[in-house]
Amino acid sequence: MITKETEIEDLVKEIPRAVTYLMEKGIRCLRCGEPIWGTLETAAKEKGYKNTEIETFANDLNKLMNEETN
């Protein structure tokens, strides 16, 4: 399950489509081919997102993960 504490590196490994999703939100999770370290929460807060928005991201990413496994 994806939470705001999920590490970006793990997120990208679990859900490759998360890269596109996060980039659409202005959260870059790859730079020069290397994953950015830290949590979903840290990366989102650096872009000014609030806790409720971060929870929405986690929910959306869990939906993406479910789509990929089904």
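Residues numbered from 1 in each chain as written. Predicted model: local features only at pLDDT ≥ 70, side-chain atom pairs only at ≥ 80, totals over all residues. Heavy atoms only, no water.

## Quick word on the pattern of salt bridges
Then comes step 1: Counting across every chain of the model gives 4 salt bridges.
Then comes step 2: Note that Glu 41 and Lys 4 form a salt bridge whose closest N and O atoms lie 3.7 Å from each other. With Glu 41 in helix 3 (residues 40-46) and Lys 4 in the segment before helix 1 (8-14), this residue pair connects regions lying 37 residues apart in the sequence.
Then comes step 3: Each of Lys 4, Glu 41 and Lys 45 takes part in salt bridges that share partners, so that together they form one network. (Salt bridge = Lys/Arg side-chain N within 4 Å of Asp/Glu carboxyl O. Helix = DSSP H or I, 4+ residues; strand = E, 2+ residues; numbered from the N terminus.)

## Quick word on the confidence of the model for the chain
Then comes step 1: Taken as a whole, the chain shows an average pLDDT of 87; of its residues, 89% reach a score of 70 or greater.
Then comes step 2: Across the chain, element-level confidence peaks in helix 4 (residues 51-69) with a mean pLDDT of 94 and bottoms out in strand 2 (residues 34-35) with 55. (pLDDT = per-residue confidence, 0-100.)

## A look at helix 4
Then comes step 1: Taking 1.5 Å per residue as the helical rise, helix 4 with its 19 residues ought to reach 27 Å, and the 27 Å between its terminal C-alpha atoms agrees with that figure.
Then comes step 2: Here helix 4 has its buried residues at Ile 54, Phe 57, Ala 58, Leu 61, Asn 62, Leu 64 and Met 65. The buried residues of helix 4 all sit within an arc of 160 degrees when viewed along its axis, so they share a single face. Those residues of helix 4 that are exposed and aimed more than 90 degrees away from the buried face are Thr 52 and Lys 63.
Then comes step 3: Where helix 4 is buried, its residues touch helix 1, helix 2 (18-24) and helix 3. (Expected span 1.5 Å × (residues − 1). Buried < 20%, exposed > 50% of the residue type's maximum accessible area, 1.4 Å probe, protein only. Arc of directions from axis to C-beta. Contact = heavy atoms within 4.5 Å.)

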